[in-house]
Amino acid sequence: MTSNEDVIMATSPRVLTQNPLKKIWMPCKNGLPDQHISQRRVCMTNCPTLIVTVGLPARGKTYISKKLTRYLNWIGVPTKEFNVGQYRRECVKIYKSFEFFNPSNEEGLKIRRQCALTALNDVRQYLSVEGGQVAVFDATNTTRERRGTITRFADQNGFKVFFVESVCEDPDVIAENIVQVKLGSPDYIDCNTEEAMEDFMKRIKCYENSYQPLDEILDRDLSYIKIMDVGRRYLVNRVLDHIQSRIVYYLMNIHITPRAIYLCRHGESDLNVKGRIGGDSGLSSRGKEFAKCLGKFIQGQNITDLKVWTSQMKRTIQTAEAIAVPYEQWKALNEIDAGVCEEMMYEEIQGHFPLEFALRDQDKYRYRYPKGESYEDLVQRLEPVIMELERQENVLVICHQAVMRCLLAYFLDKSAEELPYLKCPLHTVLKLTPVAYGCKVESVCLNVEAVNTHRDKPDNVDPSRMPEEALLTVPAHQ
Amino acid sequence: MLYGGQVEKIELQQTPLLKIWVPWLGIGGCKISRRRGSSVPQLTNSPTLIVMVGLPARGKTYISKKLTRYLNWIGFPTKVFNLGQYRRDAVQTYKNFEFFRQDNKEAMQIRKACASNALKDICIYFSKENGQVAVFDATNTTRERRVSIVSFAKEKGYKVFFVESICDDPDIIAQNITEVKVSSPDYVNCDKEEALADFLKRIECYKQTYVPLDDEKDRNLSYIKIFDVGSRYLVNRVQDHIQSRIVYYLMNIHVTPRSIYLTRHGESELNLLGRIGGDSGLSPRGHKYAASLGSFLKGQNIKDLKVWTSHMKRTIQTAEHLGVPYEQWKALNEIDAGVCEELTYEEIQEKHPEEFALRDQDKYRYRYPKGESYEDLVHRLEPVIMELERQENVLVVCHQAVMRCLLAYLLDKTSDELPYLKCPLHTVLRLTPVAYGCKMENIFLNVEAVNTHRERPVNVDVTRDPAEALKTIPDHF
């Protein structure tokens, strides 16, 4: 036996304590949590990943970069995008014309190369120093030479590289892209539509001659996905690990067909009225009124092929019944499980579990109810719902407060800190429409009164606080 | 159309077994259900026909069987239709590769008839046997054959998804032939060399007319092309949810040899008391088991072993004895018994006799009040299975119901068998992929523990006597 093995034998097994916030069992040494344990995080790689976009302008690289970044952050993988165009705009304050991108413009080339290197430096900072896990390097990266530079940079720093190439020759799709996101770009702030369109087309031409797409033979040792014609076809090469596999799955499920996602909660429930959380009660009379109004509203929207999803709890199903379209029940859409606090009022939670109540206020995202769930758990449970939402077109999701917050945070790119405090009042429908790089939100209040169930974070989150301080932000109820 | 004012008139009732809320309409004093409740969202409509494409020994049957096993486990009724099987049934004795020659007209007739019969059976599977996915496992190497399958499917309203396997690595092909062809019924009277030689000639027969799926000509078909056992994939026109899941699965599986070790936590304090669920720590014997497990694993000399536990104390305590890093998965937590958590079976019988009976009637679908069902568990475990497929050597330290679900996936057990699979404490199961399935070794580490396995009693009726319900309960303190 080596002395190392001796040490392992002597110190194992360690005593376990349950972390009070997340309710995770952890070994501790001398009363303090010990290392040597890992929580299941999505990204099981030890090395960070550098995602590199590849493609001519107006092929959707930035759209993909932003969307992918949003998704990875939501599932808990710290991700950041680095848009080289942005660096260029900071360096060259005023954009004059496409001539900047002319391959024979020495000055232009120098600046562009410098911007790419600056961006890579920031990538290194983010991944090696700031604890980032994934960086998305959003640029054309259309030459093999440029990609070689990036690959060497990644090797030197111990990053894995995954290329995402978007190839598209459909002139309608390209024109639509330009209209949606290029005309409104800071580059064209002083141009009219025709001028901007013309200049941008010439810009694309500047890249076309030197464009070397990823090649089946020459690049066979690289890890990449080639997306062709906005998702009609994909070529996937050498997926190395879990996170690359998830990225590929996600990219293969998203689409850009215009559609709308409607999010709302069930109608007001009997337990809502009493100020009690969780449970599986039915609708109050006002809740039933809302359900009727929701039915009329949906009818009025004249939506093609609307899919309706509910949870498996009575109150969402009762609400869906009023709309008279078929609906699907998802257990994954059930409200957060409040464990031992199920069906309690906040006042009762404060009375029975003041420490728990305080811990929840300290970190509402990570806090797990005893024998229940946390928002963090919810996000994991909801991931298949999000994946299917991406695949679908028009969908109405009738769910619950915590669940709706999680879904909304995904669509609106809200952080883990903001998520548990997003306002999702009863009897209000949110209509989300993808536009440009994000989501347009319309909030439609259906004018049926309901209790407020939103509890803001109180000022004092210390366990030693007075009950009144804890209960200050509890909304009124019967 | 029902909406608006009829909300008040529609009651919801919770189905007793699945605990699903469904509307019941009172019509003339008789209550009928207007909707069939389902515990999982129904995301597919038309049946799907998966069509394999590729030369012999390219892994088509391996993929067909594995995919079928996966789809059945996640709840899509799926069946493989292997053309070679039909041929063996038609032509009782296989002579040699000459049967597969392009100019063998008589054989061609037989092979065509077999294909036709297989398609007929697929029809029956979809229309009469509630099948959702059929995997047509054959070479399907000519455009002509594929065109006829596509028209057949179109006529019937089935969706078609092709899975083509392309591989020219002679080592891999030789390996395939050794693993599964040499021992095939076709070669039962040949020695290894003869079989190998004949099979290679068989492949040559197909090569001449092989037309792979083409980027241009087949651009309107839905398919995945798998190159070199997964180093590259070409995916075209994924139409729907199930095709997307199939692609994701196929892109995550591999053929690298490895072992999966499954075990439960060591015996827990609640186990000793005959209580279910909860979050108790290990008993002294449980600790002893965990230590033995540690020694056992060291002896196995496993390369790069990953260890996974649940978030429950008893699995983590078990892993702590192993002296290696481990990851905690909430998805591996034991089934949530809801209101029955920490009760003994005797107490469940006393407090919830009807629930207890319902569970015996359909243990797979039965959901505890405020808890879960095995069916729910399977859905919860799907990401674990997906990651298990990606990994190599893994030890999963989990719980009885969870282990039954994982084992059912690995050993292709039905949902009826699943809840009654034997997963005793203090036993490690070592699963190694071999040929088309999994070899299983059962290793009892010689540390005594209570039995926690309750067989299905004979009487499952809600009116039964308590004694009849409690007959199969294992002993406890």
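Residues take numbers from 1 onward in each chain, read along the sequence in its written order. Whichever chain is written first is A, and whichever ligand is written first is 1; the rest continue in order. Local features in this predicted model are restricted to residues whose pLDDT is 70 or higher, and side-chain atom pairs enter the listing and the counts only when it is 80 or higher, whereas totals over whole chains, interfaces and linings include all residues. The side-chain numbers reported here are obtained from all heavy atoms of the structure, hydrogens and water having been left aside.

Observations concerning the environment of R147 of chain A
All names here are of chain A. What counts here: By definition, any uninterrupted DSSP run of H or I lasting at least four residues is a helix, any uninterrupted run of E lasting at least two residues is a strand, and each is numbered from the N terminus. Think of it in three bands: residues with accessible area under 20% of the maximum for their type are buried, residues over 50% are exposed, and the middle band is partly exposed, with areas taken using a 1.4 Å probe on protein chains only. The criterion used for residue contact is that any of the two residues' heavy atoms lie within 4.5 Å.
Here R147 is to be found in helix α5 (residues 144-157). By relative accessible area, R147 is classed as buried at 2%. A sequence separation of 67 residues divides R147 from K80, and the C-alpha atoms of the two residues are 19 Å apart. Setting aside anything within four residues of it in sequence, one finds R147 in contact with V54, N141, T142, F163, Q212, P213, L214 and D219.

Here we look at the sheet that holds strand β15 (residues 428-435) of chain A
Whenever strands of a sheet pair, they do so through backbone hydrogen bonds, lying parallel or antiparallel. Residue and element names in this part refer to chain A. Worth spelling out the cut-off: Here, any two strands with at least 2 DSSP bridges between them count as paired. Helix axes use the C-alpha atoms of the stretch in contact, all axes being lines fitted to C-alpha atoms, and the angles between their N-to-C directions lie in the range 0 to 180 degrees.
Pairing in this open sheet of six strands is mixed, and the strands run β13-β12-β14-β11-β15-β16 from one edge to the other. Whereas interior strands pair on both sides, the edge strands pair on one side only; in this sheet they are β13 (327-329) and β16 (438-445). Taking each pair of neighbouring strands and ignoring which way they run, the sheet shows an average axis angle of 20°. Judged from the three bridges that link them, strand β12 (residues 307-310) and β13 form a sheet pairing that is parallel. Bridging across to β13, W309 finds its partner in E328. Contacts between helix α14 (residues 375-391) and the sheet are confined to β11 (261-265), β12 and β14 (395-399), with β12 contributing the most and set at about 175° to the helix. Most of the contacts of helix α15 (residues 401-412) go to β11, to which it runs at about 155°, and overall it touches β11, β14, β15 and β16.

A word on the packing of helix α13 (residues 374-390) of chain B against helix α14 (residues 400-411) of chain B
All names here are of chain B. Cut-off, in case you're wondering: Roughly parallel means an angle under 35 degrees; roughly antiparallel means over 145; roughly perpendicular covers 65 to 115; every other angle is labelled oblique. Each crossing gets its hand from how the near helix is turned against the far one by less than a right angle, where anticlockwise is left-handed and clockwise is right-handed. In this classification, the charged set is Asp, Glu, Lys and Arg, the nonpolar set is Ala, Val, Leu, Ile, Met, Phe, Trp, Tyr, Cys and Pro, and all remaining amino acids, among them Gly, are polar.
For the pair α13 and α14, interaxial distance at closest approach is 9 Å and the crossing angle is 60°. Taken together, the axis directions place α13 and α14 in an arrangement best described as oblique. At the point where α13 passes α14, the crossing takes the right-handed sense. Two secondary-structure elements touch here, α13 through Y374, L377, V378, L381, V384, I385 and E389 and α14 through A401, V402, R404, C405, L406 and Y409. For the contact of α13 with α14, a count of residues per class yields eleven nonpolar, no polar and two charged.

A short note on α13 of chain B
All names here are of chain B. Where we set the bar: Helix span, as expected, comes to 1.5 Å for every residue beyond the first. Note on bend: at a given residue it equals the angle between the axes fitted to the 7 residues ending there and to the 7 starting there.
If you check α13, its first and last C-alpha atoms are 24 Å apart, about what 17 residues at 1.5 Å a residue would give, namely 24 Å. A bend of about 45° at L381 is the largest found in α13, and the proline P383 appears one to four places after it. Most of α13 sits out of view: 15 of its 17 residues are buried.

Remarks on the environment of E355 of chain B
Residue and element names in this part refer to chain B. Inspection of the secondary structure puts E355 in helix α12 (residues 353-361). The buried category is assigned to E355, whose relative accessible area is 16%. Separated by 14 residues in sequence, E355 and P369 have C-alpha atoms that sit 8.3 Å apart.

Things to note about the UniProt feature "binding site: substrate" (unreviewed entry) in chain B
All names here are of chain B. So the rule is basically this: UniProt positions are given in the numbering used here, feature names are shortened, and annotations may be inferred rather than shown by experiment. Two N or O atoms count as a polar contact when they lie within 3.5 Å, although within protein this holds only if one can serve as hydrogen donor and the other as acceptor, and sequence-adjacent residues are included solely when both atoms are side-chain atoms.
UniProt records the feature "binding site: substrate" (unreviewed entry) at R264, H265, G266, E267, S268, E269, L270, N271 and R314, using the numbering of this structure. Maximum C-alpha separation among the annotated residues is 14.1 Å over a sequence range of 51 residues, consistent with a single clustered spot. By secondary structure assignment, the location of H265 is in the loop between β10 (260-264) and α8 (269-272). When its relative accessible area of 2% is taken as the criterion, H265 is described as buried. When residues no more than four places from it in sequence are discounted, the contact partners of H265 are N271, R314, T315, T318, V397, C398, H399 and L425. Side-chain polar atoms of H265 contact the side chain of R314, separated by 3.3 Å.

Observations regarding the sheet that holds strand β9 (residues 232-236) of chain B
Here twelve strands make up an open sheet; going across it, the order is β6(A)-β7(A)-β5(A)-β8(A)-β9(A)-β10(A)-β9(B)-β8(B)-β7(B)-β4(B)-β6(B)-β5(B) and the pairing mixed. In the strand order of this sheet, the two ends are held by β6 (79-83) of chain A together with β5 (78-82) of chain B, each with one partner. Going across the sheet, the axis of each strand differs from the next one's by a mean of 15°, ignoring polarity. Pairing of strand β8 (residues 160-167) of chain A with strand β9 (residues 224-228) of chain A, which is carried by five bridges, proceeds in the parallel orientation. What sits directly across from E165 of chain A, in β9 of chain A, is K226 of chain A.

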